[in-house]
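Structural characterization, general
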Amino acid sequence: MMNWRFYRHLQEVNMERYSKQTNLKEIGLTGQQKLKDAKVLVVGAGGLGCAVLPYLASGGIGTIGVIDGDKVEESNLPRQVLYSEEAVGNYKVKEAAARIHQSNSAVKIAVFDEFLTAKNALEIIADYDLIVDATDALPVRYLINDACVLKEKPFVYASVYKFEGQVSVFNYKGGPTYRCLFDDENQNVQNCEEAGVLGTTVGLIGMLQANEVMKIILGAGEVLSGKLLIYDMLNNSQHNFRFKKNENIKIDAEFFQRKHLSRFQQETGFREAVSEAKILLDVREAHEQPQLDLPNLVQLPLSKLAENAHRLNKDDEIRIFCQSGIRSLKALEILKNKGFSNLKSIKGGVNAFYKEIKNEEKEERVY
Amino acid sequence: MISIKYFGAVAEATKRPSENLELKSSSLEDVLKELHLKYNLKNIPVKLALNQEIINSTEGVQVKKNDELAVLPPFAGG
């Protein structure tokens, strides 16, 4: 049993520590207790994650989960400010956890050095009260969205395009979701690495995101639910747009299976594909770079795939790729409808393959 | 005349953050067609907001003088 005097001592330490924020009438001691009781999962430990995580931890959020399968790269350092030069090559989540533990050792930190996938999303999300979407790719955003709907968790969204950022809160008390805003998931949108980004932009947008997390937990102010905030750093302008729940969109277990789990089973990595497949099918248009020199390579652009499908053999194992892994999924559907069965789409396409090669070269240099 | 705001990749395609447009038709679909023709926005998925309210369909939507249109693409960076 806890010694009463020791308990009082703990309370006093905490009161002193958090006194600047508990002095706010919106927070107080009850608010601080709410922060301590809160469990927040941050998906992505990149630019947004690096802005969100330290403020959640220092502010006294009791339990923080962080999930990301990426390792620190040198080109991350200008915006992912939790990481040091020595951290290059290490898992981001481990570095991030060590840093936030230094700033608040009372925080319980759960670290997942993997990516959120259709397989693990529901189980991981179930353990948290609130999810922060700090990712940099659209497919995982739809995954977070749908998993949060199934598990009835609100999620705080932010995303950046060059000097602009979007922030919103989805699935808050049954409110609109990301699908009510952008319903078409088969889009190809540039992420930070492709489009370019400045650290201060992603930092400020991440801060707005962390601020919404605090507001939701504390019940303070007006939560950005049903509203999309767009901030433009170049002219400091801020725009708010309202949107409503689209009642035609039904997200249930069957929907999750169809949209995510079946796709998960349809996808494979480049390396596995190259080693196991009889045919590697490139569905990019002829002009797209880089051209790959691989054995068993067949080039049939998506735009002409349906009419050229007869050139492929239905008995072959076919692994399909494009630039980013979106068109290859469409190609898979086309071929499936034509009676092909042994098909997989290469996740992330040529972009992911090149990133992998680049990382390996770096590791060889280090060791 | 209506005002139009562009964001993200759309603002890059239009090479401006905003502009005023003389209304030739009060149909939002016609306005959108005009923008597609002028800037070739077809490859960018967008949502439209009319007077700060995001709309799911342009079908039958009318615009009037001084309305504010916004063209919003999804962002993916982080």
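All figures in this text were calculated on a predicted structure; none of them were measured in a lab.

When you go through chain A residue by residue, the secondary structure sums to 15 helices and 13 strands. By the compact-globule yardstick of 21 Å for 367 residues, chain A fits well, its C-alpha radius of gyration being 23 Å. Considering only C-alpha atoms, chain A reaches an extent of 80 × 55 × 50 Å along its principal axes. Taken over 367 residues, chain A has a buried fraction of 41%.

Attention now moves to unusual backbone geometry. All names here are of chain A. In this structure, the amide linkage connecting Gln289 to the following residue, Pro290, adopts the cis form with an omega of -5°. Of note, Pro290 is situated in the loop between β10 (279–282) and β11 (297–299). Even without being a glycine, Lys173 presents a positive backbone phi close to 50°. Inspection of the secondary structure assignment puts Lys173 in the loop between β6 (164–170) and α8 (178–181). For Lys173, a count of 10 C-beta atoms within 10 Å gives the class exposed.

What follows is about helix α4 (residues 47–59) of chain A. An α-helix turns once every 3.6 residues. As a result, residues three or four positions apart point the same way. Residue and element names in this part refer to chain A. Helix length check: α4, at 13 residues, gives a terminal C-alpha distance of 19 Å against a target of 18 Å (1.5 Å per residue), a fit within 8%. Taken together, the buried positions of α4 are occupied by Gly47, Leu48, Gly49, Cys50, Ala51, Val52, Leu53, Pro54, Leu56 and Ala57. Downstream of α4 by one or two residues, Gly60 has phi in the positive range, about 105°.

Our focus in this paragraph is the sheet that holds β11(A). Residue and element names in this part refer to chain A. Pairing is parallel in the open sheet, where 5 strands are placed in the order β9-β13-β12-β10-β11. Each end of this open sheet is capped by a strand with a single partner; those strands are β9 (267–268) and β11. Where helix α14 (residues 327–337) meets the sheet, it contacts β12 (318–321) and β13 (343–346), and its direction lies at approximately 170° from that of β13.

With that settled, consider the interface of chain B and chain A. Tallying the contact residues gives 17 residues for chain B and 33 residues for chain A. Of all the secondary structure elements, the ones that give two or more residues to the side of chain B that touches chain A are α1 (8–14), β3 (47–50), β4 (53–55) and β5 (68–72) of chain B. Its residues assigned to classes, the side of chain B that touches chain A comprises 10 nonpolar, 5 polar and 2 charged.

With that settled, the discussion passes to the pairing of strand β3 (residues 108–112) of chain A. Residues and elements named next belong to chain A. Relative to β3, strand β2 (residues 63–67) is paired through 5 bridges, and the arrangement is parallel. The residue of β3 that forms the bridge with Thr63 is Lys108. Since β2 and β3 lie parallel, the crossover through helix α5 (residues 92–103) that links them has a hand, and here it is right-handed.

Residue and element names in this part refer to chain A. Spanning 20 residues, helix α10 (residues 199–218) covers 28 Å between terminal C-alpha atoms, matching the ideal 28 Å at 1.5 Å per step. All of the buried residues along α10 are Thr201, Val202, Ile205, Gly206, Leu208, Gln209, Ala210, Glu212, Val213, Met214, Ile216 and Ile217. In the stretch just after α10, Gly219 is the one whose phi turns positive, near 70°.

The next subject is the packing of α4(A) against α10(A). Residues and elements named next belong to chain A. Between α4 and α10, the shortest axis-to-axis distance is 7 Å and the interhelical angle comes to 40°. Taken together, α4 and α10 sit at an angle that is classed as oblique. For α4 against α10, the interelement crossing comes out right-handed. For the pair α4 and α10, the contacting residues are Gly47, Leu48, Ala51, Val52, Tyr55, Leu56 and Gly59 in the first and Gly199, Val202, Gly203, Ile205, Gly206, Met207, Gln209, Ala210, Val213 and Met214 in the second. Residue classes in the contact of α4 with α10 are distributed as 11 nonpolar, 6 polar and no charged.

Thresholds applied
- Residues numbered from 1 in each chain as written.
- Chains lettered and ligands numbered in written order.
- Predicted model: local features only at pLDDT ≥ 70, side-chain atom pairs only at ≥ 80, totals over all residues.
- Helix = DSSP H or I, 4+ residues; strand = E, 2+ residues; numbered from the N terminus.
- Rg over C-alpha atoms; globule rule 2.2 N^0.38 Å.
- Buried ≥ 20, exposed ≤ 12 C-beta atoms within 10 Å, placed from the backbone.
- Expected span 1.5 Å × (residues − 1).
- Pairing = 2+ DSSP bridges.
- Contact = placed C-beta atoms within 7 Å.
- Axes fitted to C-alpha atoms, helices over the stretch in contact; angles between N-to-C directions.
- Nonpolar A, V, L, I, M, F, W, Y, C, P; charged D, E, K, R; others polar.
- Right-handed = clockwise from strand over helix to strand, strands pointing away.
- Parallel < 35°, antiparallel > 145°, perpendicular 65-115°, else oblique.
- Left-handed = near helix turned anticlockwise from the far one by under 90°.

Nothing here speaks to function; it is all geometry.
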